[in-house]
Amino acid sequence: MSINFSLLFYLKKPKNYQAGPVPIYLRVTVAGKRAELTTSRSIEPESWVSSAGRAKGTKAVAKSLNTYLDNLQ
């Protein structure tokens, strides 16, 4: 018997969002059951690549955030 397991990093904008950094969430799916956790990090939406689930760029801030997300994964 195999169990499907999936991780997804995504941005979750608050309802009253105007501008500024947005929190990054982690969705864990195991056998069709979902759980969402906050990563306690935030990023500007323009600096986020949703298809990759990572920060865009080569600056130290983006590299540090991507390393943190890799460690969570």
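Keep in mind the model is a prediction, meaning the values are calculated, not measured. (Residues numbered from 1 in each chain as written. Predicted model: local features only at pLDDT ≥ 70, side-chain atom pairs only at ≥ 80, totals over all residues. Heavy atoms only, no water.)

Student: I tried to follow the pairing of strand E3 (residues 33-43) on my own but got confused; where do I start?
Tutor: Regular strands place side chains that alternate from one sheet face to the opposite one. Bridge count for strand E2 (residues 22-30) against E3 is 8 bridges, and the pairing is antiparallel. Its bridge partner being in E3, Val-30 is matched across the sheet by Lys-33. The antiparallel pairing of E2 with E3 creates a hairpin that spans 2 residues between the two strands, and Ala-31 there sits at a positive phi of about 55 degrees. (Pairing = 2+ DSSP bridges. Helix = DSSP H or I, 4+ residues; strand = E, 2+ residues; numbered from the N terminus.)

Student: Could you clarify how one ought to interpret the packing of aromatic side chains in this entry?
Tutor: Ring pairs (aromatic) are described by centroid distance and by the angle formed between their planes. The full count for this structure, using the stated rule, is 1 aromatic pair. Directly above the aromatic system of Tyr-10 lies the positively charged group of Arg-27, at a separation of 5.0 Å from the ring centroid. Here Arg-41 stacks its cationic end above the ring of Tyr-68, 3.8 Å away from the centre of that ring. (Phe/Tyr/Trp six-rings, centres within 6.5 Å; stacked < 30°, edge-to-face > 60°. Lys NZ or Arg CZ within 6 Å of the ring centre and 35° of its normal.)

Student: Explain the pairing of E2 to me, please; I cannot follow it from the model alone.
Tutor: As paired elements, strand E1 (residues 5-11) and E2 share 7 bridges and run antiparallel to each other. Pairing of Phe-5 across the sheet is with Val-30, part of E2.

Student: In this structure, what is going on with the environment of Ser-42? I would like to understand it.
Tutor: For Ser-42, the location among the structural elements is in strand E3. When the C-alpha positions of Ser-42 and Tyr-25 are compared, they lie 9.0 Å apart, and in sequence the two are 17 residues distant. Those residues within four positions of Ser-42 in sequence are excluded, and the remaining contacts are Pro-21, Val-22, Pro-23 and Ile-24. (Contact = heavy atoms within 4.5 Å.)

Student: Sorry, what's going on with the pattern of salt bridges here?
Tutor: Side chains that differ in sign of charge can pair as their charged atoms come close. Summed over all chains, the structure comprises 3 salt bridges. Notably, a salt bridge pairs Glu-36 with Arg-27, separated by 2.9 Å at the nearest N-O pair. Three or more residues joined by partner-sharing salt bridges are found here, namely Lys-12, Arg-27 and Glu-36. (Salt bridge = Lys/Arg side-chain N within 4 Å of Asp/Glu carboxyl O.)

Student: What am I meant to see in the sheet that holds E1 here?
Tutor: By definition, the strands of a sheet pair up through backbone hydrogen bonds, in either a parallel or an antiparallel sense. In spatial order, the strands read E1-E2-E3; together these 3 strands make up an open sheet with antiparallel pairing. On the outer flanks of this sheet lie E1 and E3, each paired with one strand and no other. Each neighbouring strand pair of the sheet contributes to a mean axis angle of 20 degrees, computed without reference to strand direction. In this fold helix H1 (residues 60-72) packs onto E1, E2 and E3, with an angle of close to 155 degrees to the strand it touches most, E3. (Axes fitted to C-alpha atoms, helices over the stretch in contact; angles between N-to-C directions.)

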